[in-house]
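# Residue-level structural notes
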Amino acid sequence: MGSSLLEGIVKSDNFDGMVDVIEPAIQDFLKEDFKKRKVNFYSDIKEKKDTIDYDLIFVATKPNIYEEIFISLKNNLIINNETLIVSILAGIRISKIEEILGSVPIIRAMPNIAASALEGMTALIGNKTITNKDILNVDLIFELIGEKIWLENETQMDSFTAISGSGPAYFFFFTECLKNIAIEEGFTEDVSNKISQQIIIGSGKLVKDSGIDPKELRENVTSPNGTTEAGLKILLDNETGLLDKLREAIIEAKKRSIEISDN
Ligand SMILES: NC(=O)c1ccc[n+]([C@@H]2O[C@H](COP(=O)([O-])OP(=O)(O)OC[C@H]3O[C@@H](n4cnc5c(N)ncnc54)[C@H](OP(=O)(O)O)[C@@H]3O)[C@@H](O)[C@H]2O)c1
């Protein structure tokens, strides 16, 4: 996720800054990709001997090592009211970061994996210290990797995580199911892959580009007494249909998000 963000930021025509990346095992392709741009790579924060006042620090490590990471940021970098911290760590509340860094400007962001295809969906929420300039800068960054929304309060992050953070996996599973059913129907694996992938890509493109509500798109493609109507009867069933199953799945994912945040 960190690499996707870096790519979005650095490859943008509007980018005119300098980036330092701290990453223990830097992959050669990253170094190669960013060779001609103003990106410096360090394998340890302690290698940063200069004292730069960073405008913005992104934290994109795994959440389970958040304490170690924020303590090391505090001990090795200059962090004050002029430095914006952006954390994409799932389940780590702003208050947990403030316990370590104090009430410096902090924004919590929840992107999803589609960011690596520059079609991500990110939710953002900041603490009281952030300024309008911080909001503008972060808007610009997350717009480079897809769409973004600002939440009204941090508790919405759990619902958002369950819907959008996990959302791509639901669609990957839907694609996987279509593929498996195509194989059961006698198509080869290659053909089944092509069919299932193109359904998701084509439908996604229509949802995005047509500007038509998905319900209307569905109704437009459902001829009375036709094949789609016959299939949809099963999926739209009030008791055993897809809506209830999806709601159940999202409620479970949300519960898990709350559990992780409370730990
Ligand atoms: N993937 C998603 O869809 C998604 C969505 C929303 C939010 N997030 C959040 O994004 C974060 C990263 O997720 P990910 O899937 O990208 O995980 P990941 O691929 O494991 O990325 C974590 C990166 O942090 C590096 N790292 C470990 N220790 C470090 C240190 N001390 N200093 C600097 N870098 C260090 C890791 O390097 P090594 O590999 O060498 O250990 C790795 O490159 C997580 O907090 C996750 O909750 C992910």
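Residues numbered from 1 in each chain as written. Predicted model: local features only at pLDDT ≥ 70, side-chain atom pairs only at ≥ 80, totals over all residues. Heavy atoms only, no water.

## Things to note about the sheet that holds strand S4 (residues 84-87)
- Ordered in space as S3-S4-S5-S6-S7, the 5 strands form an open sheet in which the pairing is mixed. Among the strands making up the open sheet, the edge pair consists of strand S3 (56-59) and strand S7 (146-150). Along the sheet, successive strands turn relative to each other by an average axial angle of 25 degrees, direction set aside.
- Sheet topology note: the strand S6 (residues 120-126)/S7 ladder contains 5 bridges and is parallel. Paired with Ala123 across the bridge in S7 is Ile149.
- In this fold helix H4 (residues 94-101) packs onto S4, strand S5 (106-110) and S6, with an angle of close to 145 degrees to the strand it touches most, S5.
- Helix H5 (residues 132-143) rests against S3, S4, S5, S6 and S7 of the sheet, and its axis sits at about 150 degrees to S7. (Pairing = 2+ DSSP bridges. Helix = DSSP H or I, 4+ residues; strand = E, 2+ residues; numbered from the N terminus. Axes fitted to C-alpha atoms, helices over the stretch in contact; angles between N-to-C directions. Contact = heavy atoms within 4.5 Å.)

## Structural notes on the domain arrangement of the protein chain
- Segmenting the protein chain into domains produces domain 1 (2-153) and domain 2 (167-262).
- Spacing between the C-alpha centres of domain 1 and domain 2 amounts to 33 Å.
- If you look at the interface, domain 1 gives 7 residues, while domain 2 gives 7 residues.
- Interface of domain 1 and domain 2: buried area, both sides summed, is about 540 Å²; carbon and sulfur atoms make up 43% of it.
- Contact with domain 2 buries surface across domain 1, with Gly91, Arg93 and Ile113 losing the most and accounting together for 54% of the total.
- For the pair domain 1 and domain 2, the interface holds 2 salt bridges.
- Across the pair Glu119 and Lys208 runs a salt bridge, and its minimum N-O distance is 2.9 Å.
- Between the two partners, domain 1 and domain 2, sit 4 residue pairs in polar contact (both at pLDDT 80 or more).
- Residues that form the side of domain 1 that touches domain 2 fall into these classes: 1 nonpolar, 2 polar and 4 charged. (Domains from an automatic or database assignment. Buried area = accessible area lost by both parts, 1.4 Å probe. Salt bridge = Lys/Arg side-chain N within 4 Å of Asp/Glu carboxyl O. Polar contact = N/O pair within 3.5 Å; in protein donor to acceptor, adjacent residues only side chain to side chain. Nonpolar A, V, L, I, M, F, W, Y, C, P; charged D, E, K, R; others polar.)

## Quick look at the side chain of Lys96
- Along the chain, Lys96 falls in helix H4.
- It turns out Lys96 is buried and unbridged, and the closest side chain with the opposite charge, Asp262, is 6.9 Å from it.
- Excluding anything up to four places from it in sequence, Lys96 contacts Tyr66, Gly91, Ile260, Ser261 and Asn263. (Buried < 20%, exposed > 50% of the residue type's maximum accessible area, 1.4 Å probe, protein only. Lys, Arg positive; Asp, Glu negative; His and termini not counted.)

## Regarding the nonpolar core
- Membership of the largest hydrophobic core comes to 24 residues, with the highest contact counts inside it found for Ile57, Val59, Phe70, Leu73, Ile85 and Leu101.
- Of all elements in the fold, only S3, helix H3 (66-76), H4, S5, S6 and helix H6 (156-165) reach the threshold of two or more residues within this core.
- Once you skip the residues sitting within four places of it in the chain, Phe70 turns out to touch Val59, Ile85, Ser87, Leu89, Ile97, Ile100 and Leu101.
- Among the nonpolar cores identified, the runner-up in size contains 14 residues, and Ile9, Leu84, Val86 and Phe142 belong to it. (Core = buried A, V, L, I, M, F, W, Y, C linked by side-chain atoms within 4.5 Å.)

## Remarks on the pairing of strand S2 (residues 39-42)
- Looking at chain direction, strand S1 (residues 19-22) and S2 are connected through 4 bridges and run parallel. Residue pairing in the sheet places Ile22 in a bridge with Tyr42 of S2.
- Between the parallel pair S1 and S2, the chain is carried across by helix H2 (residues 28-33), and the sense of this crossover is right-handed. (Right-handed = clockwise from strand over helix to strand, strands pointing away.)

## Brief notes about the site of the ligand
- Around the ligand, a shell composed of 17 residues is seen, among which Met1, Glu23, Thr61, Ile88 and Ala90 lie nearest.
- In the environment of the ligand, an oxygen atom lies 2.6 Å from a nitrogen or oxygen atom belonging to the side chain of Glu23.
- At a separation of 2.6 Å, an oxygen atom of the ligand approaches a polar backbone atom of Thr61.
- Surface burial for the ligand is 66%, taken as the share of its 880 Å² of free accessible area covered by protein chains.
- Split into classes, the residues belonging to the shell around the ligand amount to 14 nonpolar, 1 polar and 2 charged. (Near = heavy atom within 4 Å. Areas by Shrake-Rupley, 256 points an atom, 1.4 Å probe, with all protein chains shown as cover.)

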